[in-house]
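An overview of the molecular structure
Residue-level listing of the chains:
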Amino acid sequence: MKKIGLIVISLLAIMQAFAQSNENFKMILKDGWQMQSATRVPDAGAILSLPGYKTPGWYKVSVPTTIIAGLLSNKVYDFDPFYDMNFAKLNDPKLDSTWWFRKEFTLPNSERGKEVVLKLHGINYKANIWLNGVLIADSNQIVNPYRIIELNISENIITAGVNTLALEIKRPINPNKHGGDLAIDYADWIHYPPDYNAGIINNIEIKTYDRVAIRYPLVTTNFDLPSLATAHLTVDALVTNYTADPQDVIVRGKINSEINFKKKVHLNAHETAEVTFTPTDFPQLNIKNPRIWWPWQYGKPNLNHIELSVAHDNLVSNTIGESFGIRQISSQFIDDKSRVFIVNGKRIVLRGAAWSPDIFQRRSPERQEQEIRLYRHMNMNIVRSEGKMEDDHFYSLCDKYGMLVMTGWMCCGAWQYPENWDAAKRASAMASDSSVMLWLRNKSSLMVWLNGSDMPPRDSTVEQDYLKIEASLKWPNPTISTADASKSKVSGFSGVKMNGPYEWVPPIYWETDSLLKRGGAWSFATEISPGPSIPPYESLIKFIPKDSLWFTTESWKYHCGTMTFGNTQVFNDALEGRYGKATDIKDYIAKAQAQNYESHRAMMESYGLHKYHTATGVVQWMGSNPWPGLIWHTYDYYLYPAGTYFGMKKSMEPLHIMYSYANNEVDLTNSLLQKFSGLKVKAEIYNLDGSLKYSKNITTSVEPDSIQKCFALPQINDLSDSYFLRLQLNDANGDVKSINWYWLSTKPDVLDWVKSKWYMTPQTGYADFSALQNIGKTSLKMLYTTGKKYDSTLHRVIITNTGKTVAFQVHLRALKGKSGDDILPVIFSDNYIELAPGETRIILCSYADKNIKGATPFFITSAWNLDLTKCKAAGNIIFENQK
């Protein structure tokens, strides 16, 4: 056993007031809290933490909550902080004072005589902790939202009666500054909430133990790669003696109710130690034909279960159980710029998006699952979280859906400048690193930990200390010094990059970064984006007044980012240069969806096309928005999937047909561990008048997790200035696997690479899609069928182009009745599609029944070029033009 000088605790996000598993007891202090500003509370903690203290005028809240989240839930404000520029109205001097969070609770009779432990997770930022009139910990001890802190409160607990817990919380100071507090920093994403997320942002628990406890199980897997026939498991956990006397205990373990093991452990007084079961000492931990956890595209994310208990004198003190994945994750370098991750011996190209929780740290298990499902339905396989840790439920969802997680410390304020830390801040940072390692180390989905974001820790001794902690706590996955390409003095090259862009760039950009200096398809790009993602009109009017719906207004700019990203001007210039000047906001939005679609699709496609040569991963900055915004998301705050979402979804199809802008060729990308033979590839080119100018068919195959170049497109005479390329891929059985449309121009986008900046590369010339404004009219026929599955409705929509020109950007919406709002969230199998003359497509649509609230579903179908008088529908369908 290795002795560990830590007393920390585990956090299990089971959202209920009481939870009991076998012999152990846990009480999550979730509901029944009260909150008030210290400016309105005359009494000290010794008084207000006594049972029976009167709290008139205090706000009722549930934990987790920040101060502002609590005020919002109590309807203190008479405005929507997300609408217009109302967010600025939240500024209030009271937020700079300390705030009290008070909770009364009663310990059940069954727990009398046991050690009682208070577990704190997510105290932001400092707190004095009072229990029953006694200060049990002060703000020198309780500091930093990333720490998990355990306090033995056995001497202060009232075992027969009401207990009162009171936290006096002080908000962080300047976390965005070099010398500020080590709290949550939003950099240039959004406006800072004026309370800086002060409050309680994770769970607070009461647990009891009979003398000893076992916590933090870890199951580490080693295979005899490349064979996966046998998994060699090592089991670790921490055991703690809460008494002043030595204890001889027995630690027992059980995996899947089938594999049992045990060990005797001697603990000195007040000792925390590590207990380890190796497959050498315990041969039953060499598991034949294991149920393996895979990222979704490589297999099933199978989860196993481990249960550990600790007993003394034949009495079980506590039992803990967790799900875990039998999986082994490592990484290696292709070159010093390119790191590839390996799961269970298989290389994997990672494509996904960054994650941000709600700006006020409000957490909804339902919304978390809705959003993870949106990531998964976009065919993403990775989520990146930059210092914005979620809760256990979030990571459990990633485990469940086979989504890998990249996480670590953040830029750009206090965390990034450890050379400015004093001894107390350094100790707080190290304690935070220990807490996070123990908390996250057994999560199946956790792929890599980053000890820095925009650069390695500037004080190399800080990285050294981080690495010592991570090694001592047996972090089972790779660690990297930074999300940037910088070379650490301690750990060397990162093998990843964050060279931009963060602003609009055209599709050709991603394949033509030939000097390997920017964001093109090489290495692992941990955060890049072609900039703005303009929400649809139905979302825009929820947060921008109709009279401010234009990109020059202050309200519009307020909902962009901050600093460099406080407007959408680069995107607007490209839109006008490529699609023509917008005539009104709906014309602008229609063009924006097309531009969002093509740019985001090209980014992800290029990284798939250049996989392992030397592209290994790409993370879109970002996936979700912490508030209603105009930049950096794949779907908007209201969960509305628009052009960016469907461009992303298309580009990451597991078996995908695509066009290379750089090589003018048709290619296949295969993201599955399966070879496909007898594939039918078809390419067609249409002029704007609907005439077919070119067609070619071939039969080919593609190896597992690889690409297949098919053929170059020839020079074609008499093309219209803007034209369409339609690609289709069928498998050997004739089933359609991928349909992918491109709108192309005889005039290319031209980049001025020499004038590139860290966030963008300007253009000296634009592709010309202005003729799309006058594309000939066409007509659609649409019908649908409806089915049910569990608590969801499924529609099978059949849509046909009955006209003579290509139907451009056909967009389906599902409404709560004819004049109702959009059903959200909603899953469409495809959207913003094109249809050739005579082409029929089947689109699947599904949503939870509760989200339609008993209304009759109604579809609106729009496009750029519909002759509404000739469109026909069966059922609750209407047609409209987008422009």
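Look a little higher up for the structure.
In short, a report on the structure. Everything numeric in this text was worked out from a predicted model, so none of it was measured.

Describing the overall build of the protein chain
Tallying secondary structure elements over the protein chain gives 11 helices and 52 strands in all. Summarising its shape, the C-alpha atoms of the protein chain cover approximately 90 × 65 × 55 Å along the three principal directions. Sorting the 883 residues of the protein chain into buried and exposed places 64% on the buried side. When contacts within the protein chain are restricted to residue pairs at least 6 apart in sequence, long-range pairs at least 24 apart make up 71% of them. Accessible surface, the protein chain: about 31100 Å² in total, of which carbon and sulfur atoms supply 49%. The centroid of the 94 positive side-chain charges in the protein chain is displaced by 3 Å from the centroid of its 89 negative side-chain charges.

Points about the environment of valine 162
Of note, valine 162 is situated in strand β12 (residues 162-170). We classify valine 162 as partly exposed; its relative accessible area is 35%. Spatially, the C-alpha atom of valine 162 lies 57 Å from that of proline 501, the residues being 339 residues apart in sequence. Excluding residues within four positions of it along the chain, valine 162 makes contact with Pro51, Glu104, Phe105, Thr106 and Asn132.

Side note on the sheet that holds strand β3 (residues 33-37)
One open sheet holds the 6 strands; their spatial order is β4-β3-β6-β12-β9-β10, and the pairing between them is antiparallel. With one partner strand each, in any of the chains shown, β4 (59-61) and β10 (134-137) form the two edges of the open sheet. Going across the sheet, the axis of each strand differs from the next one's by a mean of 30°, ignoring polarity. Of the pairings in the sheet, the one linking strand β9 (residues 126-131) to β12 comprises 6 bridges and is antiparallel in character. By the bridge assignment, isoleucine 129 is partnered in β12 with leucine 167.

Focus on the pattern of salt bridges
Inspection of the entire model under this criterion finds 34 salt bridges. With a shortest N-O distance of 3.0 Å, glutamate 369 and lysine 400 are connected by a salt bridge. Of the two residues, glutamate 369 sits in helix α3 (residues 365-377) while lysine 400 sits in helix α4 (residues 392-401), which places them 31 residues apart along the sequence. Close ionic contact of aspartate 830 with arginine 841 constitutes a salt bridge, the shortest N to O distance being 2.9 Å.

Remarks on the packing of aromatic side chains
Taken as a whole, this structure holds 58 aromatic pairs when the rule is applied. Where phenylalanine 82 meets tyrosine 637, the ring centres are 5.1 Å apart and the plane angle is 80°; that geometry is what we call edge-to-face. Placement of phenylalanine 82 in the loop between α2 (67-73) and β6 (99-106) and of tyrosine 637 in the loop between β34 (615-620) and α11 (643-651) is noted, with a sequence separation of 555 residues between them. We classify tyrosine 637 as buried; its relative accessible area is 14%. Their ring planes at 10° and their centres at 4.3 Å tell us that tryptophan 409 and tryptophan 415 sit as a pair that is stacked. The exposure class of tryptophan 415 is buried, given its relative accessible area of 7%. Here a set of aromatic residues connected by ring pairs shows up, and it is made of Tyr579, Tyr597, Tyr686, Phe724, Trp741, Trp743, Phe769, Phe808 and Trp864. Cation over ring: lysine 337 sits above tryptophan 522, and NZ or CZ is 5.7 Å from the ring centre. Cation over ring: arginine 601 sits above tryptophan 743, and NZ or CZ is 5.7 Å from the ring centre.

Some details on the state of the cysteines
Using the criterion set out here, one finds 1 disulfide in the structure. Each sulfur in the disulfide pair cysteine 411 and cysteine 412 lies 2.0 Å from the other. Across the disulfide from cysteine 411 to cysteine 412, rotation about the S-S bond amounts to roughly -70°, and the bridge is consequently left-handed. Take cysteine 411: its relative accessible area is 6%, and that puts it in the buried class.

Structural notes on the sheet that holds strand β24 (residues 338-343)
Spatially, 3 strands are ordered β23-β24-β25 in an open sheet, and the strand pairing comes out antiparallel. Only two strands of the sheet have a single partner each, and these edge strands are β23 (329-335) and β25 (346-348). Across the sheet, the axes of successive neighbouring strands diverge by a mean angle of 40°, strand direction being ignored.

What about the packing of helix α10 (residues 585-609) against α11?
At a closest axis distance of 7 Å, the pairing of α10 and α11 adopts a crossing angle of 30°. In this view, α10 runs roughly parallel relative to α11, as classed from their interaxial angle. Once α10 is placed against α11, the crossing between them reads as right-handed. Along its contact with α10, which presents Gln593, Asn596, Tyr597, His600, Arg601, Met603, Met604 and Glu605, the element α11 presents Gly643, Thr644, Phe646, Gly647, Met648, Lys650 and Ser651. Here the contact of α10 with α11 is composed, by residue class, of 5 nonpolar, 7 polar and 3 charged.

Re unusual backbone geometry
Residue tyrosine 125 is reached from asparagine 124 by a cis peptide bond, and omega for that bond is 15°. Structurally, the position occupied by tyrosine 125 is in the loop between β8 (123-124) and β9. Note that the residue after histidine 613, namely threonine 614, is joined by a cis bond; omega there is -5°. Mapped onto the secondary structure, threonine 614 falls in the loop between α10 and β34. Unusually for a residue other than glycine, aspartate 84 sits at a positive phi of about 55°. With respect to the helices and strands, the residue aspartate 84 is situated in the loop between α2 and β6. Owing to a relative accessible area of 23%, aspartate 84 belongs among the partly exposed residues under this scheme. Even without being glycine, asparagine 132 reaches a positive phi, approximately 50°. With respect to the secondary-structure elements, asparagine 132 resides in the loop between β9 and β10. Taking relative accessible area as the criterion, asparagine 132 reaches 13% and is therefore assigned buried.

Side note on the pairing of strand β14 (residues 204-209)
Two faces belong to every sheet, and in a regular strand the side chains alternate between them. The buried fraction of β14 is high, at 6 of 6 residues. Where strand β2 (residues 24-28) lies against β14, 4 bridges are found, and the strand directions are antiparallel. For phenylalanine 25, the partnering residue across the bridge sits in β14 and is threonine 208. Sheet topology note: the strand β7 (residues 115-121)/β14 ladder contains 6 bridges and is antiparallel. Paired with leucine 120 across the strands is isoleucine 204, a residue of β14.

The rules behind each value
- Residues numbered from 1 in each chain as written.
- Predicted model: local features only at pLDDT ≥ 70, side-chain atom pairs only at ≥ 80, totals over all residues.
- Heavy atoms only, no water.
- Helix = DSSP H or I, 4+ residues; strand = E, 2+ residues; numbered from the N terminus.
- Buried < 20%, exposed > 50% of the residue type's maximum accessible area, 1.4 Å probe, protein only.
- Contact = heavy atoms within 4.5 Å.
- Areas by Shrake-Rupley, 256 points an atom, 1.4 Å probe, with all protein chains shown as cover.
- Lys, Arg positive; Asp, Glu negative; His and termini not counted.
- Charge placed at Lys NZ, Arg CZ, Asp CG, Glu CD.
- Pairing = 2+ DSSP bridges.
- Axes fitted to C-alpha atoms, helices over the stretch in contact; angles between N-to-C directions.
- Salt bridge = Lys/Arg side-chain N within 4 Å of Asp/Glu carboxyl O.
- Phe/Tyr/Trp six-rings, centres within 6.5 Å; stacked < 30°, edge-to-face > 60°.
- Lys NZ or Arg CZ within 6 Å of the ring centre and 35° of its normal.
- Disulfide = S-S within 2.5 Å.
- Parallel < 35°, antiparallel > 145°, perpendicular 65-115°, else oblique.
- Left-handed = near helix turned anticlockwise from the far one by under 90°.
- Nonpolar A, V, L, I, M, F, W, Y, C, P; charged D, E, K, R; others polar.

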